[in-house]
Amino acid sequence: MTAVTGRQVADRFFDEYRIGERAEFPERVVSGDDIREFADLTGDHHPAHTDDEFATPLFGGRIAHGMLTFGIVVGMTVELNGHAVAYGYDRIRFPRTVLAGDRITATSEVIELRDHKRPELGLVTKRYTGTKADGSVVVVCDHILAVQKRP
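Residues numbered from 1 in each chain as written. Predicted model: local features only at pLDDT ≥ 70, side-chain atom pairs only at ≥ 80, totals over all residues. Heavy atoms only, no water.

Thoughts on the packing of aromatic side chains
Taken as a whole, this structure holds 1 aromatic pair when the rule is applied. Seen in terms of ring centroids, Phe70 and Tyr89 are 5.1 Å apart; in terms of plane orientation they differ by 80°. Their pairing is edge-to-face. In this pair, Phe70 sits in helix α4 (residues 66-77) while Tyr89 sits in strand β5 (residues 84-93), placing the two residues 19 residues apart along the sequence. Tyr89 gets classed as partly exposed once you look at its relative accessible area, which sits at 30%. In this structure, Arg12 is placed above the aromatic ring of Tyr17, and the distance from its NZ or CZ to the ring centre is 3.7 Å. (Phe/Tyr/Trp six-rings, centres within 6.5 Å; stacked < 30°, edge-to-face > 60°. Helix = DSSP H or I, 4+ residues; strand = E, 2+ residues; numbered from the N terminus. Buried < 20%, exposed > 50% of the residue type's maximum accessible area, 1.4 Å probe, protein only. Lys NZ or Arg CZ within 6 Å of the ring centre and 35° of its normal.)

Here it is in structure tokens:
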């Protein structure tokens, strides 16, 4: 198992991935402005995200949208590889809420390698996990990448 820290920059083919390969990414603070701007961008102004009076008794404050948390973790874990493109995401879960001011770290781990129906491609599945400073998991998903095989 390989551990990498920070932005992943790669120029690698399918056969260069290994199950168990792991990367860790530095923390990012989710701000109240992030939550407000995401609400404006998407039109999702549910009071859990926008109204302190509503959200505080239920959650301890305004919570980040699940998809905002997902987007932040995906952005943190993205591998910059010219031989790979996103193929899809599976099993997206939000086991804990994220409040404005929470610090999130992210990890990715290669959990599956398989062939694609097109023989020049392989599918790499990475599990992304976003975690708050207290150790609680706030998002987990499987990201499938279509990666070119070595010519």
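Structure shown, so let's carry the discussion forward.
What about the pattern of salt bridges?
By the definition in use, this model includes 19 salt bridges. We note a salt bridge from Glu120 to Arg118, for which the minimum N-O separation is 2.7 Å. On the accessibility criterion, Glu120 (38% relative accessible area) is partly exposed. For Arg118, a relative accessible area of 45% puts it in the partly exposed group. One continuous salt-bridge network, built from bridges that share partners, spans Arg12, Glu21, Glu79 and Lys126. (Salt bridge = Lys/Arg side-chain N within 4 Å of Asp/Glu carboxyl O.)

Here we look at the UniProt feature "domain: MaoC-like" (unreviewed entry) in the chain
According to UniProt, the "domain: MaoC-like" (unreviewed entry) feature falls on residues 18-128. With 32% helix and 38% strand, the stretch residues 18-128 has end C-alpha atoms that lie 16 Å from each other. (UniProt positions renumbered as here; feature names shortened; annotations may be inferred.)

Quick word on helix α1 (residues 32-42)
Along α1, the positions that sit buried rather than exposed are Gly32, Asp34, Ile35, Phe38 and Ala39. Considered in projection along α1, the buried side chains sweep an arc of 165° and stay on one side of the axis. Tucked inside the fold, the buried residues of α1 contact β3 (22-29), α2 (47-50) and α4. Gly43 sits one or two positions beyond α1 and adopts a positive phi of about 85°. (Arc of directions from axis to C-beta. Contact = heavy atoms within 4.5 Å.)

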